[in-house]
Every structure is written in C-alpha cells, then in structure tokens.
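So you can see what is in the structure, the chains are spelled out below.
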Amino acid sequence: MREIQYREALREAMTEEMERDERVFLIGEEVAEYNGAYKVSEGMLARFGPRRVVDTPISETGFSGLGIGAAMYGLRPIVEFMSWSFCLVAADQILNNAPKILYMSGGQFKVPIVFRGNNGAGGQLGSTHSWSVESMFASVPGLKLAMPSSPYDAKGLLKTAIRDDDPVFFLESERLLGFKGPVPPPEQEYLIPFGQADVKLSGTDCTIATIGRPVHFAIEAAVELAKEGIVCEVIDLRTLRPLDIDTVVQSVKKTNYLVVVDQTWPFASVAAEVAMQVYERAMDDLDNHIVRVNNDDVPAPYNRSLEQEMLPNVRKICEAVRAVTYRA
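None of the values given here were measured: they were computed from a predicted structure. (Residues numbered from 1 in each chain as written. Predicted model: local features only at pLDDT ≥ 70, side-chain atom pairs only at ≥ 80, totals over all residues. Heavy atoms only, no water.)

Any chance you could explain the environment of Ala98 here in plain terms?
With respect to the helices, strands and loops of the structure, Ala98 is situated in the loop between α4 (91-96) and α5 (101-104). What makes Ala98 buried here is its relative accessible area of 2%. C-alpha of Ala98 to C-alpha of Ile27: the two residues are 71 residues apart in sequence and 16 Å apart in space. Non-local contacts of Ala98, meaning those with residues more than four positions away in its chain, are made with Ile68, Gln93, Val111, Phe115 and Pro167. (Helix = DSSP H or I, 4+ residues; strand = E, 2+ residues; numbered from the N terminus. Buried < 20%, exposed > 50% of the residue type's maximum accessible area, 1.4 Å probe, protein only. Contact = heavy atoms within 4.5 Å.)

Help me out: how do you make sense of the pairing of strand β5 (residues 114-118) in this one?
Every other side chain in a regular strand lies on the same face of the sheet, so the side chains alternate between the two faces. Counting buried positions along β5 gives 5 out of 5 residues, so the element sits mostly inside the fold. Bridge count between strand β4 (residues 76-81) and β5: 4 bridges; the pairing is parallel. In the strand pairing of β5, Val79 is matched with Phe115. The pairing of β5 with strand β7 (residues 168-172) spans 5 bridges and is classified as parallel. Paired with Val114 across the strands is Val168, a residue of β7. (Pairing = 2+ DSSP bridges.)

Help me out: how do you make sense of the environment of Lys155 in this one?
Looking at where Lys155 falls in the secondary structure, it is placed in helix α7 (residues 151-163). Judged by relative accessible area, which is 1%, Lys155 ranks as buried. Remark: the alpha-carbon pair of Lys155 and Gly49, spanning 106 residues in sequence, is separated by 22 Å. Leave out the neighbours within four places in its chain, and Lys155 touches Arg2, Ala9, Glu12, Ala13, Glu16, Val183, Pro184, Pro186 and Tyr190. Within the structure, Lys155 has its side chain in polar contact with the side chain of Glu12 (distance 2.9 Å). (Polar contact = N/O pair within 3.5 Å; in protein donor to acceptor, adjacent residues only side chain to side chain.)

See the structure below:
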C-alpha cells in the first residue's frame, strides 16, 4: 500500500482502464488542456492524446448527449461534470434517456457510460453550485450510483463503474479530493463490487449508516462517543444503487439502534429510504425510532460558518446517537 490523494486514485482508475480498453475515453469541460478543473485528469491528455481526452464547450446538455450516443454504439465514455449542480441542465439526457434506453430498445442498446464529478456542499460555492443530487437520482431505475469516501474506494469503485454495462452516476466530493489514504500499487489490480457496504468501525451500542463525505464525520463522532462509553458501528454504504441494506440490518440486529446520516435535504432523502427499508426488515430489533441527520432544509449558504452548520457534522451526529440510545 502507498498513501495517495483521492484525486490521484480517480486518475489512476481512469488511466488504467483507458490503457486496458481502447474504447474508454474522457470528455468534459477543461479535462484536457487545463488538466482538469480540479486536476483529476492531470497528464492524461499528454498520455492519451486529444482523441481520448476531449475538451468540450460549456454545454452539459451537448456533451452528455454525445456521450450517451457514443455508448450506444460501443464506446465506453467517462463524462466529467465540473459539478453535479451543472448536470441539471442535462436532466433529459442523463435521467430520461440513458437509464431507459436498454429497456425501451428491448435490450438492443446498452449504455456503458460513467457520469462523474463533484457533488455536495462544503466549499463556499453558493446555493446553485452546492447540490447534493443523490436523493433525486437514486430513485431512477436503470442507473447505478456510487459515492466513494476514500481513495481506496474511489479507485476500486470507479474501475468497476467503467467496466459496467449500465449508466453509472459517480458522485465525488470536492472536499475530499486532497484527502490521502492507502491504495494498492498499480500492478495490484482490484475492483470493488457495487452493492457491498463497508463496516468502517465495529460497535455494539448504535449503528451509524452513511455514505460519501459524511463517513468521515461519522467516524469522528464515533471516536468522541467512545469516550462516553457509547461504542458505535459505522457503515459506509458505498453505493445507493444497488443498496446493501442487508449489512445495515445485520448491524441493527446487534446494536438495536440506528442513526442514518446523509448530505441531502431531509424530505424524501437517502436517509428516509434507508430508514424505511430497515423498518420493513428489522422493526422488532429496534429499541427506539430511527434518527436521521441530514442537511438543514434550506438552500446552501455561502457564509462558511452557516454552511458548516447546515451540513451534517460531528456535533449533530453525536447528539443524534445520544438521543436514540437514551443517553441525552
């Protein structure tokens, strides 16, 4: 293992898959000449040339549709959104076309495409640039959705996504791009299957299920709570489509309490769906109602202090765990 940044792990995954399969190419705004808006694709233009690392105009509608057409005819595009907030102008292409083409064509056209880029708030980018889109998009059948929280998962899940024959929505976090973590060397290939959650910390007193950047807040909260004698089990869901609810249910059967943390608004959120599925499968194992920790139900503020307060954070998670376990 060696320590590399989250952005480097993404770059390695794309580079290795482009070397393995000549049908894979990267397209998006500033991915080539500028080395990527966030330097994720740094050096890839020099390595693969302008036919496989392609700068586009500022038109998500156009290059998303182009990528879908290319995928239908046998290529395997990686489409980078500078921000998932910008993908909303391409909703018809990515939500009304890509996930439905296999079904509507009677299996004649697969759409092996990856849409990836930064998702969520935390960087003082204002309300219109801080969307957390997972709760909206996870409800659409026909697509897969991954949200890695570490460099190890970023590489392993992205390689799996690129090889998948279905559209994959790959949601990264700008706030994690510089985060370092252990990743095997390039000669040691690994893939992480979709629908396989990861137990980050084992515990007996309360389950915390989460995904993406909030995984780090949950781990920090678990460390704080352990000082009070509350030993939490932290589960990183990794993917929402497919969702590994079985791992969460098994944990709840052991701990009897559940807090679900996600970075979307509370109404019709990821946390609401996870909670409902646990109620359906393990209600008799719960010793209290499930508590959700979401973004506050307001547009993302620009002010740094207000933005941090709006998001799930360590304090909110600790308070939720104390409340659900009757320690408040």
